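Reading the structure
Chain residues, written in single-letter form:
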Amino acid sequence: MILDNHIPIMTNEILSFIDGKKNLSILDCTFGGGGHSKMFLERGHFVTAIDQDNNSLMIAKKLKKSFPNIFFHKSNFKDIDLLSLKFKKFNFILLDLGFSSNQLDNNNIGLSFKVNSDLNMNYLCSDLDAFKILNYYDEEDLHRVFHLYGEINQSEKLSKYIVQQRSIKKIKTNFEFIEILRNSGVNFRSKKIHFATQAFQALRIETNNELENLLIFLKKVHKYIQIDGHLAIISFHSLEDRIVKNFFKNNRVKKNNKYYNDENWGFEILTKKPLTASKPEIIKNNRSRSAKLRVGRFMNWLIISLNSFWYSFL
Ligand SMILES: C[S@@+](CC[C@H](N)C(=O)[O-])C[C@H]1O[C@@H](n2cnc3c(N)ncnc32)[C@H](O)[C@@H]1O
């Protein structure tokens, strides 16, 4: 059965960067439920899409019946260089990071702390899952995961308690894990969010290697983007947003048209502050409340100089 209830977010904001442009080649690295891809296809653009998810593959097959100009690759976007892409360079590249509502609703994946399910959290078909992390990681590694990815202040105390509890009985379900969190004596930071949020986030990031995937992809992305093309990235938590912000900052164009990274390419940062969803969108789709969109325009000084050199002879 195909799960198909994901609502694409910040669509107007994304479209504003390609307004009036025709026949663009677009790379949607996080196809998910295909909402953004469909929006591009409906406007006549060509879409190459990537997602590691089986459900996404089925949605893409269905979409192709109405829109032949979609080319789907079931893969991790960090492996972009291993794909045979129809377009080698794209006018617009989109990453809408994390998991989709379809994956959140899939109890076999078990991303939600509201529904009891077997511990998994692997939404990218990788080898790791939350069960293995909680029951087999040593105390030091657990500490690393909760400290770095959950930003839990007392992550040492939490890791010690988990190791103690699992020696009595293996931790098998989301609700068993929540019970351990509740009894751990750890003071979880925020009163605004469910107390299990940070620990679930940490396990999800580790299971799916979320930050590493993004970092690897960002090292390669300049090879796949056209001059004047856009790179747009939506992130949902501060760890991801920090990576995106630093990427644009470290690869920006300086005032004298030199690039900050001492390479021939760089980005003009088009979103000094990240764009966020509008109030009406947040009311309609609560998931959009934590989204941050950053966009950069790709420039390559060597090619720009060569072009102006040739034009000077015309
Ligand atoms: C927020 S959803 C994208 C929703 C999509 N923009 C839409 O409109 O339906 C994120 C999607 O990215 C995929 N994803 C996340 N990290 C990925 C990675 N490293 N490689 C491939 N797909 C990834 C997930 O499987 C999920 O389907």
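The shown structure was predicted, so the numbers you read here are calculated from the model rather than taken from an experiment.

Criteria and thresholds
Residues numbered from 1 in each chain as written. Predicted model: local features only at pLDDT ≥ 70, side-chain atom pairs only at ≥ 80, totals over all residues. Helix = DSSP H or I, 4+ residues; strand = E, 2+ residues; numbered from the N terminus. Pairing = 2+ DSSP bridges. Axes fitted to C-alpha atoms, helices over the stretch in contact; angles between N-to-C directions. Contact = placed C-beta atoms within 7 Å. Near = placed C-beta within 6 Å. Nonpolar A, V, L, I, M, F, W, Y, C, P; charged D, E, K, R; others polar.

Right, let's get into the environment of W301. Relative to the helices and strands, W301 resides in helix 13 (residues 301-311). In this structure the C-alpha to C-alpha distance between W301 and G266, which are 35 residues apart in sequence, comes to 8.3 Å.

Remark on secondary structure: sheet strands pair via backbone hydrogen bonds, oriented parallel or antiparallel. A sheet is described by the order of its strands in space; here seven strands give the open sequence 3-2-1-4-5-7-6, paired in mixed fashion. Each end of this open sheet is capped by a strand with a single partner; those strands are strand 3 (70-74) and strand 6 (265-269). Averaged over neighbouring strand pairs, the angle between their axes works out to 20° when direction is ignored. Pairing of strand 4 (residues 90-96) with strand 5 (residues 225-235), which is carried by six bridges, proceeds in the parallel orientation. Across the sheet, L94 pairs through a bridge with A232, a residue of strand 5. Contacts from helix 2 (residues 35-42) reach strand 1 (25-28), strand 2 (46-51), strand 3 and strand 4 within the one sheet, and its direction differs from that of strand 2 by about 170°. Contacts from helix 3 (residues 54-66) reach strand 2 and strand 3 within the one sheet, and its direction differs from that of strand 3 by about 165°.

Another aspect to go through is the site of the ligand. Taken together, 23 residues lie around the ligand, and P8, T30, G32, G33 and G35 are the ones closest in. Residue assignment for the shell around the ligand shows that the elements contributing at least two residues are helix 2 and strand 2. Looking at the shell around the ligand, its residues break down into six nonpolar, 13 polar and four charged.

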